[in-house]
Amino acid sequence: PIRAAPFATQAQEASTRQSPAFVVHKLTDFLYAIGEPNYYQKNYSYLLVGTDQALMFDSGANQKEDITSVARKITDKPLSMLPSHLHFDHLGGLHSFQSIYLVDMPFTRQFKGKDGFYRVPEPVYLGNFDHMVVPPFKVARLIKPDETIDLGGLKVRLISVPGHTQDEVALFDETHNILLAGDHVYPSWLLAGSLKDYVTSLDATLKVINEQTAIYGAHADEDPTK
């Protein structure tokens, strides 16, 4: 992401205390956007609900409030979380998930220790921007690029879209023509760690989507239903 922003004023902090940390938008019968309106990067995580299991794409930026409690108000299906990439503002709720998925590539495999825990270094997750520490975590399932995740009656394909970061991924639901784009594409200014990789990924994405594809990104200043 990183949008540097000043710390909240006392008035902003008071407003934050009075309003909910998460706001849910029902996009379809199986897809929910979970927004963080009080957070300066206006994060959105997405909950996919199949007949067998549910998957959260990103875990928000908030480490204090439990984003899984929001998901549990929507579904009681077994719940896993897949980060779109390993930046801090997408890993805030990671510690609340018992099942974590991760894209399977050399970049991510390097963080696995002999004890089975993944330890992402701060220069990768960039938590110093928000004084955030990402704890070690175990991965329940590694997902290879172009692999399909079957949630039961709902299938999404993981697409590797490096550019913002090496490990950036998107999820494509071909049946319903929906792309969950993470930080690959969203309605604001975009940041590329590698411009060459980013352009290549955009070209590849354009071959997958069409003019009718609904694209939902991980940051937006507007209601994603509009």
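Reading the values: rules and limits
- In every chain, residue numbers begin from 1 and rise along the written sequence.
- Local features are withheld for residues below a pLDDT of 70 in this predicted model, meaning they are given only at 70 or higher, and side-chain atom pairs are given and counted only at 80 or more; totals for whole chains, interfaces and linings count all residues.
- Neither water nor hydrogens contribute to the side-chain values; these are computed over all heavy atoms in the structure.
- When a carboxyl oxygen of Asp or Glu lies within 4 Å of a side-chain nitrogen of Lys or Arg, that pair is called a salt bridge.
- The helix and strand labels rest on DSSP assignments: H or I over at least four residues marks a helix, E over at least two residues marks a strand, and numbering proceeds from the N terminus.
- Here the term buried applies to any residue with accessible area under 20% of the maximum for its type, exposed to any over 50%, and partly exposed to those in between, with areas from a 1.4 Å probe on protein chains only.
- Contacts between residues were defined by any pair of non-hydrogen atoms, one from each residue, lying within 4.5 Å.
- Here a Phe, Tyr or Trp ring, Trp counted by its six-membered ring, pairs with any other such ring whose centre lies within 6.5 Å, and the pair is stacked when the planes are under 30 degrees apart, edge-to-face when over 60, and tilted otherwise.
- In this scheme, Lys NZ or Arg CZ marks a charge over a ring once it lies within 6 Å of the ring centre and within 35 degrees of the ring normal.
- By the convention used here, strands pair only if DSSP detects at least 2 bridges between them.

1. Some details on the pattern of salt bridges
Here is step 1 of the chain: By the definition in use, this model includes six salt bridges.
Here is step 2 of the chain: Close ionic contact of Asp104 with Lys144 constitutes a salt bridge, the shortest N to O distance being 2.9 Å. Linking Asp104 in the loop between β6 (101-103) and α3 (106-109) with Lys144 in the loop between β7 (141-143) and β8 (148-150), this pair joins segments that are 40 residues apart in sequence.
Here is step 3 of the chain: Note that Arg119 is salt-bridged to Asp115, the shortest N-O span being 2.8 Å.
Here is step 4 of the chain: Relative accessible area serves as the criterion here: at 43%, Arg119 is assigned to the partly exposed category.
Here is step 5 of the chain: Classification of Asp115 by relative accessible area gives partly exposed; the value is 40%.
Here is step 6 of the chain: The network of salt bridges with shared partners includes Asp104, Arg109 and Lys144.

2. Some details on the environment of Thr68
Here is step 1 of the chain: Position of Thr68 relative to the elements: it lies in helix α2 (residues 67-72).
Here is step 2 of the chain: Thr68 sits 27 residues away from His95 along the chain, and the two C-alpha atoms are 10.0 Å apart.
Here is step 3 of the chain: Setting aside anything within four residues of it in sequence, one finds Thr68 in contact with Leu79, Ser96 and Phe97.

3. Describing the packing of aromatic side chains
Here is step 1 of the chain: Tallying each qualifying case throughout the model produces five aromatic pairs.
Here is step 2 of the chain: Between Tyr46 and Tyr216, the ring centres sit 6.0 Å apart and the planes meet at 40 degrees, which makes this aromatic pair tilted. Here Tyr216 lies in strand β12 (residues 214-217) and Tyr46 lies in strand β3 (residues 44-49), a separation of 170 residues in the sequence.
Here is step 3 of the chain: Look at Tyr46 and you get buried, because its relative accessible area is 3%.
Here is step 4 of the chain: Accessibility expressed as a relative area gives 15% for Tyr216, which makes it buried.
Here is step 5 of the chain: Residues Phe107 and Phe111 carry aromatic rings whose centres are separated by 5.4 Å and whose planes lie at 85 degrees to one another, so their mutual orientation is edge-to-face.
Here is step 6 of the chain: The exposure class of Phe111 is buried, given its relative accessible area of 8%.
Here is step 7 of the chain: One cation-aromatic arrangement involves Arg141 over Tyr101; the distance from NZ or CZ to the ring centre is 5.5 Å.

4. Points about the pairing of strand β5 (residues 79-82)
Here is step 1 of the chain: On β5, burial covers both faces: Leu79 and Met81 on one face and Ser80 and Leu82 on the other are all buried.
Here is step 2 of the chain: In terms of strand pairing, strand β4 (residues 54-57) meets β5 through four bridges, oriented parallel. Along β5, the bridge assignment pairs Phe57 with Leu82.

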